[in-house]
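Next come the chains, spelled out residue by residue.
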Amino acid sequence: MSKRIKVILVVIGIPLLYALITRILFGLETGAWGELLSVMTVSFLFILPGIVGALTVYLSSVDKASSMLYRVFMPWVPIILFVIVTLMLQIEGWACWIMILPVFFIIGSLGGLVGGYLKCYKRNDRLNISILVLIPFIIAPLENMIETIPGTYKAYTYIDINAPAEKIWDNVTRVEAIELEQDTGHLTRFLGFPRPVKAELNYEGVGAYREAIFTKGLVFHETVTEYVDNEKMVFTIKAYPHEIPSTTLDEHVVIGGDYFDVLNGTYELEKLADGKHRLHLYSHFKMNTTFNFYAGWWGKWIMKDIQNNILKIEKERSETE
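A. Representation of the sheet that holds strand β2 (residues 196–201). Spatially, the 7 strands line up as an open sheet ordered β1-β7-β6-β5-β4-β3-β2, and their pairing is antiparallel. Lying at the two open borders of the sheet, with one neighbouring strand each, are β1 (151–161) and β2. Strand-to-strand twist in this sheet, taken as the mean axis angle between neighbours without regard to direction, amounts to 20°. Here β2 pairs with strand β3 (residues 209–214) via 5 bridges, running antiparallel. Directly across from Ala199, in β3, lies its bridge partner Ala212. Of the strands in this sheet, β1, β2, β3, β4 (219–228), β5 (232–238), β6 (260–271) and β7 (277–287) are in contact with helix α9 (residues 165–173), which crosses β6 at around 170°. Across the sheet, helix α11 (residues 292–320) lies against β1, β2, β3, β6 and β7, angled at about 25° from β1, the strand it touches most.

Take a look at the structure:
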């Protein structure tokens, strides 16, 4: 084996191996490790990539580590390989990686800057790099001891429709079968989320039951809690994880799971000038992580994509039928 290949195996292989071992340990759900470590923590998602970046640059030659471009971009190589391996082994899902990969790249580059500093200036570098490697395993148990505070968020959307209120409302309460070509949920489709198929309401009034049916076995069970004909409908939303096949969504983003749940939704129809109406649709959802500051942003983006998709379909049908 040539010296160049050995160097590459060390520079890329060791950080990759560290990331895989850490992921496996943090993913254990039983035993002592399962109680102390968790993938859905700041310790794993926001610290691990920094250590991968630091290791990558520190294990490189001084000549390479002295380059700022190398420090910033070289850590992306083992990170990308880590993504590929976890996807191939079905350890992580595509949706999870799309959402967290920007963080991994940014934190990995910051770690690369730290690794380059330690490599070039050699200030207790071996001791410091050893401490860095242990940081996730030190912080994670402390983080898991802190009870997470669920955050509630609102996703608000609306659309203007040139149609009578009665016609719009008929398309709100009951959404007939949605063909694939009518689906404009580009983000959710890219993430591999189920797409809407139809919505059925058993009657119009408080206490009514509505099913919003999506592909891949996802069903939102909705109960109407407030109803004004042609004006307003408020409903609770419940998705049951046991109804959703395990292949539908990654366990970390499954709706109704430990980390993400939709609580309720509201339709409001507002009368505008010239016979037009504005249809408002907003929902409240809950995030339960130690990094809600980031997860909540993604949750809003996903919920708005779903809602805008539905609103566009209701607009088209109301204006053309």
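Now that the structure is up, let's keep going.
B. Broad picture of the side chain of Arg23. The residue Arg23 is located in helix α1 (residues 3–26) in this model. Arg23 gets classed as buried once you look at its relative accessible area, which sits at 6%. At a separation of 2.6 Å, a polar atom in the side chain of Arg23 contacts the side chain of Glu92.

C. Spatial organisation of the nonpolar core. In terms of nonpolar packing, the biggest core is built from 77 residues, with Phe82, Phe104, Leu191, Phe220, Met233, Tyr267 and Leu279 touching the most fellow members. Residues within four places of Met233 in sequence aside, it is in contact with Trp169, Val172, Thr173, Arg210, Val224, Glu226, Tyr227, Gly265, Thr266 and Tyr267.

D. Expanded view of the packing of aromatic side chains. Applying the stated criterion across every chain, the model contains 23 aromatic pairs. Both rings, one in Phe46 and one in Phe291, keep their centres 5.8 Å apart while their planes meet at 55°; by these two values the pair is tilted. Taken as a pair, Phe46 in helix α3 (residues 42–58) and Phe291 in the loop between β7 and α11 lie far apart in primary sequence, 245 residues in all. Members of the aromatic cluster, joined through ring pairs, are Phe46, Phe291, Phe293, Tyr294, Trp297, Trp298 and Trp301. In this structure, Lys119 packs its charged tip against the face of Tyr58, placed 5.4 Å from the ring centre. Over the ring of Phe235 we find Arg210, and its NZ or CZ is 5.8 Å from the ring centre.

E. Representation of unusual backbone geometry in the model. One non-glycine residue, Lys216, lies in positive phi territory at about 65°. Turning to its location among the elements, Lys216 is positioned in the loop between β3 and β4.

F. A look at the pairing of β4. Bridge analysis of β3 against β4 gives 5 bridges, and the strand direction is antiparallel. Within the sheet, the bridge partner assigned to Ile213 lies in β4 and is Val219. In textbook terms, the turn of a hairpin is the stretch between consecutive antiparallel strands, and for β3 and β4 this stretch comprises 4 residues, one of which, Lys216, has a positive phi near 65°. Across 7 bridges, β4 lies against β5 in antiparallel orientation. Bridge assignment links Glu222 to a residue of β5, and that residue is Ile237.

G. Focus on the packing of α1 against helix α6 (residues 76–88). Axis separation between α1 and α6 bottoms out at 9 Å; the angle between their running directions is 45°. The orientation of α1 relative to α6 falls into the category oblique. Considering how the two elements wind past one another, α1 and α6 form a crossing that is right-handed. Here Ile12, Pro15, Leu16, Ala19, Leu20 and Arg23 of α1 come into contact with α6, specifically with Val77, Pro78, Leu81, Phe82, Val85 and Thr86. Residues that form the contact of α1 with α6 fall into these classes: 10 nonpolar, 1 polar and 1 charged.

The rules behind these values
Residues numbered from 1 in each chain as written. Predicted model: local features only at pLDDT ≥ 70, side-chain atom pairs only at ≥ 80, totals over all residues. Heavy atoms only, no water. Pairing = 2+ DSSP bridges. Helix = DSSP H or I, 4+ residues; strand = E, 2+ residues; numbered from the N terminus. Axes fitted to C-alpha atoms, helices over the stretch in contact; angles between N-to-C directions. Contact = heavy atoms within 4.5 Å. Buried < 20%, exposed > 50% of the residue type's maximum accessible area, 1.4 Å probe, protein only. Polar contact = N/O pair within 3.5 Å; in protein donor to acceptor, adjacent residues only side chain to side chain. Core = buried A, V, L, I, M, F, W, Y, C linked by side-chain atoms within 4.5 Å. Phe/Tyr/Trp six-rings, centres within 6.5 Å; stacked < 30°, edge-to-face > 60°. Lys NZ or Arg CZ within 6 Å of the ring centre and 35° of its normal. Parallel < 35°, antiparallel > 145°, perpendicular 65-115°, else oblique. Left-handed = near helix turned anticlockwise from the far one by under 90°. Nonpolar A, V, L, I, M, F, W, Y, C, P; charged D, E, K, R; others polar.

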